[in-house]
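Listed below, chain by chain, are the residues.
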Amino acid sequence: LSAALGRAIGLGMLTGCRSATPIAVLGRAAALGQLDGFERTPFAPLTRPAVGRILWLAAAGEWTGDKLPMTPSRLARGPLIARIVVGSVLGAASFRTARIPTQAGFAVGAVSAAAGAYAGYTLRQRVDTLSGWPDPLIGAAEDIIVTGGALTICGAPWLGFGLAAAAAVALRAVPAPGTEPKLG
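All of these numbers come straight from a predicted model, not from anything done at the bench.

Draft legend 1. Main features of the pattern of salt bridges. Counted according to the given criterion, the structure contains ten salt bridges. The salt bridge involving R18 is made with D143; its shortest N-O contact spans 2.5 Å. In this pair, R18 is assigned in the loop between α1 (2-17) and α2 (21-31) and D143 in helix α6 (residues 135-153), connecting sequence segments 125 residues apart. Each member of the pair, R18 together with D143, is buried. Note that R74 is salt-bridged to E142, the shortest N-O span being 2.7 Å. Placement of R74 in the loop between α3 (49-65) and α4 (77-97) and of E142 in helix α6 is noted, with a sequence separation of 68 residues between them. By the burial criterion, R74 is buried, and E142 matches it. Bridged by salt links that share partners, the residues R18, D66, K67, R74, R124, D135, E142 and D143 form one connected network.

Given below as structure tokens:
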């Protein structure tokens, strides 16, 4: 139960930040055999190559769209509902593959996605205020953190931690506005 619960909460929270990335990572991990239990379940289609390509295209589209000024807030009705729905599917899949009733997984994933959306929004606003970095840079760091977190949860911690470390190094190299070295 604890592994399924942790996966449902973790992927749900990450889905609150990026709706397509965690499900794309979960599907790919299951297709590669890093996660067991998807065979003969309603979630087996997530392991199909064509579905995986569609999910990764959706993730890439979200990574790009997030940086555009006209993109609505993740807390707007449509984006928030999408995150809750995807989070509930991830929660149910996490529970079902552990042979735990899916109803609880739906609830855990949905609540975690809603909480992740609010927490991610608040954290991003706080980082924006404190750092002065351009919003697209903060968004790119969020993309890397979500992808790395999902990889770690889904069985590729070496890759997840590597992405997180790369993001940390890259952000440390970006000077805060007003602190750029003066040349000449």
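Draft legend 2. Focus on the nonpolar core. Within the largest apolar cluster, 23 residues are counted, with the highest numbers of intra-cluster contacts made by L26, L35, F38, L46 and C154. Elements supplying a minimum of two residues to this core: α1, α2, α4 and α6. Counting residues per element, this core draws most heavily on α2, at six residues. Not counting the four nearest positions on each side in its chain, C154 is found in contact with L11, V25, L26, A29, Q34 and L35.

Draft legend 3. Structural detail: a nonpolar patch on the surface. A surface patch of nonpolar side chains, about 200 Å² in accessible area, is lined by L5, I9 and M13. With respect to the helices and strands, M13 occurs in helix α1. Here M13 falls in the partly exposed class, since its relative accessible area comes to 32%.

Draft legend 4. Summary view of the side chain of S94. Relative to the helices and strands, S94 resides in helix α4. There is a polar contact of 2.9 Å between the side chain of S94 and the backbone oxygen of L90.

Thresholds, definitions, all that
Residues numbered from 1 in each chain as written. Predicted model: local features only at pLDDT ≥ 70, side-chain atom pairs only at ≥ 80, totals over all residues. Heavy atoms only, no water. Salt bridge = Lys/Arg side-chain N within 4 Å of Asp/Glu carboxyl O. Helix = DSSP H or I, 4+ residues; strand = E, 2+ residues; numbered from the N terminus. Buried < 20%, exposed > 50% of the residue type's maximum accessible area, 1.4 Å probe, protein only. Core = buried A, V, L, I, M, F, W, Y, C linked by side-chain atoms within 4.5 Å. Contact = heavy atoms within 4.5 Å. Patch = residues over 30% accessible without salt bridge, like charges linked within 9 Å, V, L, I, M, F, W, Y side chains within 5 Å. Areas by Shrake-Rupley, 256 points an atom, 1.4 Å probe, with all protein chains shown as cover. Polar contact = N/O pair within 3.5 Å; in protein donor to acceptor, adjacent residues only side chain to side chain.

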